[in-house]
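Architecture at a glance
Each chain, written out:
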Amino acid sequence: MPNVVCVGAQWGDEGKGKLVDHLSPQADLVVRFQGGSNAGHTLVVDGETTILHLIPSGILHEGTLNLIGPGVVVDPDVLIREINGLKEKGLQVTRDRLRVSERASVILPIHKALDLAREKSRGADAIGTTGRGIGPAYEDRVSRAGLRMLDLLDADALPERLGPLLKERNFLLKELYSCPPVEVEEIVGQAVEWREQLAPLLDDVGVTIDRALRDNRSVLFEGAQGTLLDVDHGTYPFVTSSTTVAGGACAGAGIGPTRIDHVLGISKAYATRVGGGPFPTEDEGPAGQHLGNVGAEFGATTGRKRRCGWLDLVVLRHSVRVNGLTSLALLKLDVLTGLPEVKICTEYRHDGAALHEFPASLTKLEACEPVYQSFPGWSESVAKVRKFEDLPDAAQNYVRFIEERLEVPAELIGVGPERDAVIERANPFKVRSR
Ligand code: GDP
Ligand code: IMO
Ligand code: MG
């Protein structure tokens, strides 16, 4: 059975959670492979909203095993809170439903303190992080100072493991940022609950995935954030600290690239960004306000207002290339309803010449002017439409233009926040020849 990677093709919040929840009945396993509780993935089922930060978006489906991979940075407090939140809704999160990689990195309170202190000291140049400790946790992972989930199991060794990490990080907190330090005893105390609650869920996730693949089961890999927030391919330094692109699914889950059959890029039918950094097609006028209001564009993690603008094909072409997208899910098409005119950026203009490739230099990007193609809008509601042919002609033309320019089919189209509000033109889990 095919294995599918789902990644955000823009700046995050494209609707990955909704789409993964929608596709999960076809997957035996759903695997998160990077990021941490900076993610906010929204699932709406029969009017009830669930927001997930760490738990994969297949969790609401009985019979789907959800895995948090080695590439994720796990805040144990957030994970426990999320498990308890689901329990309150009547869903028991046991080992047959959720497992956490023993290799995943731990986000400690000191990582969150450092993240916040740094952002504050940056003032107007702040990245606008989610304050969840993501950057400092990934730094400690790469510098080989961090803890992995399995380190929480060994209570006796914990103080010794924490000592050097806290010594260095507390120096920064106290001396550079004038913030109170985090003591070893504090973390050792918290770790008692972490161990109690999470030890039963720890697993060698790569092995579990491999067994499933050998049994011909289907795996859905769920990305967090988006391509333009990728640490290498995004708008650096206004990015997150992980590899968000499809290639990251292999390293972050513990499987080889030969096991991936299909890469689905998730995009909104327009664009949003939350936090600082360049956003060439941002629209602060009435159209942007329409998108923000109708699309309810507020962050699922921080509640911040999302910046809104037009679809940008320079960005999406970049995403098609770095992810090797085989198809596109174009979500929130319904949000465009009611706009008299809809626009798509087809290229940038820089120094009097056309630019088709997303530039690495932010200075160059800031000097770029988006070139727009304008389309007539539509006023009919598309919320109940489930067949492409039933969309208003103007909406069909809008989607076809995107497909033609990107040379990638928009196989799934989102027309509302509910799980089933999807027009399915093809099934990503179908075996196909490329
Ligand atoms: P994620 O981080 O990529 O999972 O996306 P978020 O959950 O942060 O943000 C997407 C928002 O759009 C959520 O509020 C979803 O409920 C909502 N959403 C997803 N797909 C659609 C759609 O097709 N139409 C509408 N109107 N809302 C959608
Ligand atoms: P999902 O998975 C949108 C943004 C932050 C900030 C930058 C760095 O819901 O799409 P970080 O806390 O990661 O160090 O912040 O990245 N950001 C997101 N924006 N959706 C997300 O996740 C995001 N996760 C991080 O706003 O600009
Ligand atoms: Mg989100």
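Procedures and definitions
Residues numbered from 1 in each chain as written. Chains lettered and ligands numbered in written order. Predicted model: local features only at pLDDT ≥ 70, side-chain atom pairs only at ≥ 80, totals over all residues. Heavy atoms only, no water. Near = heavy atom within 4 Å. Areas by Shrake-Rupley, 256 points an atom, 1.4 Å probe, with all protein chains shown as cover. 1 Å grid on protein atoms, 1.4 Å probe; cavity = no way out; pocket = protein on both sides within 12 Å on 5 of 7 lines; lining within 4 Å. Sits in = over half its atoms within 2 Å of the grid points. Nonpolar A, V, L, I, M, F, W, Y, C, P; charged D, E, K, R; others polar. Domains from an automatic or database assignment. Helix = DSSP H or I, 4+ residues; strand = E, 2+ residues; numbered from the N terminus. Buried < 20%, exposed > 50% of the residue type's maximum accessible area, 1.4 Å probe, protein only. Lys, Arg positive; Asp, Glu negative; His and termini not counted. Salt bridge = Lys/Arg side-chain N within 4 Å of Asp/Glu carboxyl O. Polar contact = N/O pair within 3.5 Å; in protein donor to acceptor, adjacent residues only side chain to side chain. Expected span 1.5 Å × (residues − 1).

**Details of the site of ligand 2**
- Inspection of the region around ligand 2 gives 20 residues, with Asp-13, Lys-16, His-41, Thr-130 and Thr-240 positioned closest.
- In the complex, the protein chains occlude 98% of the 550 Å² of accessible area that ligand 2 would expose alone.
- Among the cavities detected, the one that contains ligand 2 is the largest pocket.
- Grouping the amino acids of the shell around ligand 2 by side-chain chemistry returns seven nonpolar, ten polar and three charged.
- When residues of the shell around ligand 2 are sorted by domain, at least three fall in each of domain 1 (4-92 + 204-424) and domain 2 (105-200).

**A short note on the side chain of Arg-97**
- Topologically, Arg-97 is positioned in the loop between α2 (76-88) and β7 (98-101).
- Although Arg-97 lies buried, it forms no salt bridge, and the closest oppositely charged side chain, Glu-62, sits 4.9 Å away as judged by the N-O distance.

**A closer look at the environment of Arg-122**
- As for its position among the elements, Arg-122 is in helix α3 (residues 109-122).
- Residue Arg-122 is classed as partly exposed on the basis of its relative accessible area of 33%.
- Engagement of the side chain of Arg-122 in a polar contact is seen with the side chain of Glu-119, the distance being 2.9 Å.

**Here's the deal with helix α12 (residues 393-406)**
- Across its 14 residues, α12 extends 20 Å between first and last C-alpha, which sits within 8% of the 20 Å expected from 1.5 Å per residue.
- Positive phi shows up at Glu-407, right after α12, with a value of about 60°.

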